[in-house]
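Here are the chains, one letter per residue:
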Amino acid sequence: MDEARPTSGAQAHGLVPLFPPGLQAIYGECRRLYPEQANPLQVTAIVKYWLGGPDPLDYISMYRSMGCPAQDIQEHWHYVSFGLSDLYGDNRVHELKREVGETAPPTWPAELMQGLARYVFQSENTFCSGDHVSWHSPLDNSESRIQHMLLTEDPQMQPVQTPFGTVSFLQIVGVCTEELQAAQQWNGQGILELMRGVRVAGGPWLITDMRRGETIFDIDPHLQQERVDQGIETEGSNLSGVSAKCVWDDLSRPPEDEEDSRSICIGSQPRRLSDKDTEQIRETLRKGLEFNSKAALPPINSQRQSHERPPSRKDSLESESSAAIVPHELVRTRQLESVHLKFNQESGTLLPLCLRGRLLHGRHFTYKSINGDTAITFVSTGVEGAFATEEHPYAAHGPWLQILLTEEFVEQMLGDLQELNTREETKLPKEYSWPEKKLKISVLPDSVFDNPLQ
């Protein structure tokens, strides 16, 4: 449970000597930006997460920003969180338009930030600038069209140095569904740059207005064709993978075969990804925003990748080592003759993005299951380090499936999956089959994945 109360932290709690240097550095940056607000309203986790409490963020401070009239930036509330960095690594900030007559900041952004923090702690994933969050619900629980989030560097708060390294501030930007889809198909930073040029969509500081009823494409229809579509065509997508509801079956062997190499079947207990596989997939997703002339999957090293190197979406997908993949000693790679892929609707609608925005540009795309310990990676013929080959296009390493698709087959699939490009909900289930390729794809309702035994 959280409580909201005005406090400057040190004075209210009398813990100045006990505040770690990292936390003092964060407070120092806040005081630099808001010197007149020594006692901001602050939401505090009464029982800290590391002591068994439900909320990972120790503090969320709420500041009133007067904006910048010279840049036509309106008044807004500025939320700054503490708890996702190694203060005891990164912080989260969220800027929200202040409504006329509003004297106290709303508390729903704090609840939202705690929800994101729980995801980070439970999944062990990290957020980076350019990431997106599919929320599928108005962020403030109203009827708003702002139902998803993009992340970017905060335009006001500067990175600070602490004894544990540099702490940077990421800003949460609320977006509409159409803007999220454009970010997925092209890239998040590109959409954010378009939003900076539209005042009602955020302006230079990307201030979220929950009452915004139009997308940037409603406001300026030319943005879709002249910027987004052209960007997808020339640059492709920088989204290298997503957490998804997905499973795959090996149709090469009968289910009763004890040596069946299928990774997971709905209603069955999935096998676990090895630590090395998990680390490689994590590296693949973490490094996915760099455009490279030569894409490569990070190798499965004999030792796990170090977590000391701060995650950066500017890293190349090129391996830091020239060593080939070293398979886990207890899990051999298997070549499969026929596979069946199953996705929920949201994951299925990303298949055209995977094919057009990634594989046609010589890259790869990974679906990492959120319901089971399994993954599906699509690779093009130009990706190095894959264990799927043109001779054996379907290959599994434990519950990790790789599928290699030629450019000709990708073009064929794009034509067959064209209906998934529409923004209207498709009647489910939908099945697509390429018998000559021994590949089948099903798009199924969420209930199949949420209640696998029913």
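The sections below set out a description of the structure shown in this document. Note that the structure is a prediction, hence the values are computed from the model and not measured.

The rules we used
Residues numbered from 1 in each chain as written. Predicted model: local features only at pLDDT ≥ 70, side-chain atom pairs only at ≥ 80, totals over all residues. Heavy atoms only, no water. Helix = DSSP H or I, 4+ residues; strand = E, 2+ residues; numbered from the N terminus. Buried < 20%, exposed > 50% of the residue type's maximum accessible area, 1.4 Å probe, protein only. Areas by Shrake-Rupley, 256 points an atom, 1.4 Å probe, with all protein chains shown as cover. Axes fitted to C-alpha atoms, helices over the stretch in contact; angles between N-to-C directions. Left-handed = near helix turned anticlockwise from the far one by under 90°. Contact = heavy atoms within 4.5 Å. Nonpolar A, V, L, I, M, F, W, Y, C, P; charged D, E, K, R; others polar. Pairing = 2+ DSSP bridges. Phe/Tyr/Trp six-rings, centres within 6.5 Å; stacked < 30°, edge-to-face > 60°. Parallel < 35°, antiparallel > 145°, perpendicular 65-115°, else oblique. Arc of directions from axis to C-beta. 1 Å grid on protein atoms, 1.4 Å probe; cavity = no way out; pocket = protein on both sides within 12 Å on 5 of 7 lines; lining within 4 Å. Points joined across faces, edges and corners; volume = space filled by probe spheres on them. Patch = residues over 30% accessible without salt bridge, like charges linked within 9 Å, V, L, I, M, F, W, Y side chains within 5 Å. Salt bridge = Lys/Arg side-chain N within 4 Å of Asp/Glu carboxyl O. Core = buried A, V, L, I, M, F, W, Y, C linked by side-chain atoms within 4.5 Å. Expected span 1.5 Å × (residues − 1).

Considering the overall build of the chain
Right, on to step 1. What the chain contains, in helices and strands, is 12 helices and 19 strands.
Right, on to step 2. The buried share among the 454 residues of the chain stands at 54%.
Right, on to step 3. Accessible area of the chain: about 20900 Å², with a carbon and sulfur share of 49%.

A word on the packing of helix 10 (residues 351-358) against helix 11 (residues 407-416)
Right, on to step 1. It is at 10 Å that the axes of helix 10 and helix 11 come closest, and there the two elements cross at 145°. Once helix 10 is placed against helix 11, the crossing between them reads as left-handed. For the pair helix 10 and helix 11, the contacting residues are P352, L355 and R356 in the first and V410, M413 and L414 in the second.
Right, on to step 2. Considered class by class, the residues forming the contact of helix 10 with helix 11 number five nonpolar, no polar and one charged.

Quick notes on the sheet that holds strand 19 (residues 439-444)
Right, on to step 1. If you trace the four strands from one edge of the open sheet to the other, you get 11-13-19-18, paired in mixed fashion. On the outer flanks of this sheet lie strand 11 (246-250) and strand 18 (430-434), each paired with one strand and no other. Ignoring strand direction, the axes of neighbouring strands in this sheet form an average angle of 15°.
Right, on to step 2. Taken together, the five bridges between strand 18 and strand 19 define a ladder with antiparallel strand orientation. Across the sheet, W434 pairs through a bridge with L439, a residue of strand 19.
Right, on to step 3. Sheet strands touched by helix 11: strand 18 and strand 19. Its angle to strand 18, the strand with the most contacts, is close to 150°.

Regarding the packing of aromatic side chains
Right, on to step 1. Scanning the entire structure with this criterion turns up seven aromatic pairs.
Right, on to step 2. Plain terms: the ring middles of F343 and Y367 are 4.6 Å apart, the flat faces sit at 50° to each other, and that makes the pair tilted. One end of the pair, F343, is in strand 13 (residues 339-344); the other, Y367, is in strand 14 (residues 364-369), with 24 residues separating them in the sequence. Neither residue differs from the other here; F343 and Y367 are each classed as buried.

Digging into the packing of helix 4 (residues 177-185) against helix 5 (residues 188-196)
Right, on to step 1. At a minimum axis distance of 7 Å, the contact between helix 4 and helix 5 shows a crossing angle of 135°. Relative to helix 5, the element helix 4 is oriented oblique. Contact residues: E179, A182 and A183 in helix 4; G188, I191 and M195 in helix 5.
Right, on to step 2. In the contact of helix 4 with helix 5, the residues fall into four nonpolar, one polar and one charged.

A short note on helix 11
Right, on to step 1. Residues F409, V410, M413 and L414 constitute the buried set of helix 11. Down the axis of helix 11, the buried side of the element spans an arc of 140°, and every buried residue falls inside it.
Right, on to step 2. Where helix 11 is buried, its residues touch helix 10, strand 18 and strand 19.

Here's the deal with empty space enclosed by the protein
Right, on to step 1. Space inside the second largest cavity adds up to approximately 40 Å³.
Right, on to step 2. Forming the boundary of the second largest cavity are D72, I73, Q74, R199, G202, G203, P204 and I207.

Regarding a nonpolar patch on the surface
Right, on to step 1. A contiguous nonpolar patch, built from I46, V47 and L51 and spanning about 290 Å² of accessible area, is present on the exposed surface.
Right, on to step 2. Relative accessible area serves as the criterion here: at 42%, V47 is assigned to the partly exposed category.

Overview of the sheet that holds strand 17 (residues 400-404)
Right, on to step 1. Ordered by their spatial adjacency, six strands build an open sheet running 10-14-15-17-16-12, and the pairing between neighbours is mixed. A strand with exactly one partner marks an edge of an open sheet, and here the two such strands are strand 10 (241-244) and strand 12 (333-335). Strand after strand, the sheet turns through a mean of 20° between neighbouring axes, direction not considered.
Right, on to step 2. With three bridges joining them, strand 12 and strand 16 (residues 394-397) adopt antiparallel strand pairing. Note on strand 16: the bridge partner recorded for Q335 is A395.
Right, on to step 3. Taken strand by strand, helix 10 contacts strand 14 and strand 15 (375-379), and its axis lies near 155° from that of strand 14.

What about the nonpolar core?
Right, on to step 1. In terms of nonpolar packing, the biggest core is built from 35 residues, with L341, Y367, I376 and F378 touching the most fellow members.
Right, on to step 2. Residues in contact with L341, not counting those within four places in the same chain, are V247, W248, I376, F378, L401, I403, L439, K440, I441 and S442.
Right, on to step 3. Ranked by size, the runner-up nonpolar core spans 25 residues in total, among them V43, L57, W77 and M149.

Brief notes about the environment of T422
Right, on to step 1. Looking at where T422 falls in the secondary structure, it is placed in the loop between helix 11 and strand 18.
Right, on to step 2. Of the residues examined, T422 reaches a relative accessible area of 43% and is grouped as partly exposed.
Right, on to step 3. In sequence terms T422 and T349 are 73 residues apart; their C-alpha atoms lie 8.3 Å from each other.

Some thoughts on the pairing of strand 4 (residues 76-82)
Right, on to step 1. Counting buried residues along strand 4, seven of its seven residues qualify, which places the element largely inside the surrounding structure.
Right, on to step 2. The alternating pattern of strand 4 places H76, H78, V80 and F82 on one face and W77, Y79 and S81 on the opposite face, and all of these are buried.
Right, on to step 3. Where strand 3 (residues 59-65) meets strand 4, seven bridges bridge the pair, whose relative direction is antiparallel. Bridged to Y63 within strand 4 is H78.

A closer look at helix 7 (residues 222-235)
Right, on to step 1. For helix 7, built from 14 residues, the straight-helix expectation of 20 Å at 1.5 Å per residue is met to within 8% by its first-to-last C-alpha distance of 18 Å.
Right, on to step 2. Within helix 7, burial applies to L223, Q224, V228, G231 and I232.
Right, on to step 3. Tucked inside the fold, the buried residues of helix 7 contact helix 4, helix 5, helix 6 (216-219) and helix 10.

Focus: the pattern of salt bridges
Pairing between side chains of opposite charge can happen when the charged atoms of each approach one another.
Right, on to step 1. As enumerated under the stated definition, the model contains 15 salt bridges in all.
Right, on to step 2. The shortest N-O distance in the salt bridge between D72 and R199 comes to 2.8 Å.
Right, on to step 3. Owing to a relative accessible area of 44%, D72 belongs among the partly exposed residues under this scheme.
Right, on to step 4. With a relative accessible area of 40%, R199 lands in the partly exposed category.
Right, on to step 5. R211 serves as the salt-bridge partner of E99, at 3.7 Å between the closest nitrogen and oxygen. On the criterion of sequence distance, the pair formed by E99 in the loop between strand 5 (90-97) and helix 3 (108-123) and R211 in the loop between helix 5 and helix 6 is long-range, its members being 112 residues apart.
Right, on to step 6. Residue E99 is classed as buried on the basis of its relative accessible area, which comes to 18%.
Right, on to step 7. A residue is classified by how much of its surface remains accessible, and R211, at 65% relative accessible area, is exposed.

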